[in-house]
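Here is how the chains run, residue by residue.
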Amino acid sequence: MFYAKLVAPMLTGPALTQFRKNLLAWFAQFQRDLPWRRSKDPYRIWLSEIMLQQTRVAAATPYYERFLERFPDVQALADAPQEEVLRFWSGLGYYSRARNLQKAAQQIVALHHGAFPATEVEALALPGIGKYTAAAILSIAHGQTLAVLDGNVARVLARLQAIRGDLREGKRWQELQKSAEALLAPSAPGDWNQAMMELGAILCTPKSPQCLLCPVNEFCAARKLGLADTIPEKRKKRATVELQLAAAVLLDPQGRTLLLPPPKPKAGPEHKADVGAIVSRMWHFPTVVKARRSGARDLRDYLQESLLGGRRLPATFERLPRVRHAVTYRSITLQPFRINLKKLPQLPRAKVLPLSDLSSVPISNLTRKIARAALQS
Ligand code: SF4
């Protein structure tokens, strides 16, 4: 409550003009050379925005380049088998992004002759495109005066005005959106949005903002009040759920293993121990939630009763190094077991692949870690 009185008014008049000038000049001089900044093609900008939603620039860049080589335009993405799209996304995580990207590409081909829509309303009707993404693509590719607001920009705006409290709280977020729109430089909306994001990414960072180097520090209320390090307040995170799993690496004498197909989503709210969600709805090793300490019995019961129709398995499963993994709020400890078989079972829809190269199907990072544990032991 105390800090509510310290909120600084939005800039207007000559101060606003100077603010815009400073930030745009800084961006022109110091922006990072990123592959998606070399093009105004809405498809490339869209792809980068989706990849960067949950992924850091350094991690996303090689994926971005490989993805574009294989799917150079909307039509190529729309026409591709979904499995292949997921394979090129494999390792980036949050696979619903890739699924929505392709669904949106198919809609663009069907409804917009393959060209990314030019209006905000039409862009927002596409799967996986929210207000932020629509504003980013349309301002950068088409120069539309739409202001972006994401976590980075919200942090910058909150500090500039010394706004306290949870920035994602509905009303506060709406106020930040209004601030973003009021500051937007109408002569260069694309550069402006990128400049605000760049400032948040490289100087006005969550920890230890570099205010001395900041091109707009003279306008910053948080800096003047000594609050730059304490704004924004930390959000309350969803409590982490610890999960114990066991997985089977079935192996034949030729070094081949068996993967199960992507699980279908279940109706209703997602269960915290939904194996389908844990393997990102990709190809995966047979996996169970552990009910007992070792997990070997749970796995044996599952394999014999649900998967192999009573087929006998070796008396002992070879325990492999444990794998740790985190997916959103889940913290997973997984015990893999190697099970050597003379012949792998033939299961409808399952795939038999060399354990040393699972790259022909989309797999999650968890599956990749299990394969690595099996190969290294
Ligand atoms: Fe962020 Fe510091 Fe610049 Fe304010 S002065 S906008 S806190 S980097």
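Look above for the structure.
Residues numbered from 1 in each chain as written. Predicted model: local features only at pLDDT ≥ 70, side-chain atom pairs only at ≥ 80, totals over all residues. Heavy atoms only, no water.

J.: Explain the site of the ligand to me, and be specific about the residues and the numbers.
T.: Around the ligand, a shell composed of Arg159, Cys204, Cys211, Cys214, Asn217, Cys220, Arg223 and Ala228 is seen. According to the grid-proximity analysis, the pocket containing the ligand is the largest cavity. Classifying every residue of the shell around the ligand by side-chain character gives five nonpolar, one polar and two charged. (Near = heavy atom within 4 Å. 1 Å grid on protein atoms, 1.4 Å probe; cavity = no way out; pocket = protein on both sides within 12 Å on 5 of 7 lines; lining within 4 Å. Sits in = over half its atoms within 2 Å of the grid points. Nonpolar A, V, L, I, M, F, W, Y, C, P; charged D, E, K, R; others polar.)

J.: Would you mind going over the environment of arginine 172 in detail, with residue names and values included?
T.: By the element assignment, arginine 172 lies in helix H10 (residues 170-183). Residues arginine 172 and alanine 154, 18 residues apart in the sequence, show an inter-C-alpha distance of 10.0 Å. Beyond its immediate sequence surroundings of up to four residues, arginine 172 is in contact with Ile163, Arg164, Gly165, Asp166 and Leu167. (Helix = DSSP H or I, 4+ residues; strand = E, 2+ residues; numbered from the N terminus. Contact = heavy atoms within 4.5 Å.)

J.: Requested: an account of unusual backbone geometry, with residues and values cited.
T.: Of note, the amide linkage connecting isoleucine 231 to proline 232 takes the cis form, showing an omega dihedral of -5 degrees. The phi angle at histidine 113 is positive, at roughly 55 degrees, despite the residue not being glycine. Here histidine 113 is to be found in the loop between helix H6 (96-112) and helix H7 (120-124). Backbone geometry at threonine 328 places phi at a positive 40 degrees, although glycine is not the residue there. Residue placement: threonine 328 occurs in the loop between strand E5 (323-327) and strand E6 (330-340).

J.: An account of a positive patch on the surface is requested, with residue identities and associated values reported.
T.: Taken together, the side chains of Arg293, Arg319, Arg322 and Arg324 present a region of like positive charge at the surface. When you line up the elements, arginine 319 lands in strand E4 (residues 318-319). (Patch = residues over 30% accessible without salt bridge, like charges linked within 9 Å, V, L, I, M, F, W, Y side chains within 5 Å. Areas by Shrake-Rupley, 256 points an atom, 1.4 Å probe, with all protein chains shown as cover. Salt bridge = Lys/Arg side-chain N within 4 Å of Asp/Glu carboxyl O. Lys, Arg positive; Asp, Glu negative; His and termini not counted. Charge placed at Lys NZ, Arg CZ, Asp CG, Glu CD.)

J.: So what's going on with the nonpolar core? Which residues, and what values?
T.: Formed by 80 residues in total, the largest nonpolar core has its most connected members in Trp46, Met51, Phe67, Trp89, Phe116 and Leu199. Top contributing element to this core by residue count: helix H8 (residues 131-142), with eight residues. Residues within four places of leucine 199 in sequence aside, it is in contact with Leu23, Trp26, Val156, Cys204, Cys214, Pro215 and Val216. (Core = buried A, V, L, I, M, F, W, Y, C linked by side-chain atoms within 4.5 Å. Buried < 20%, exposed > 50% of the residue type's maximum accessible area, 1.4 Å probe, protein only.)

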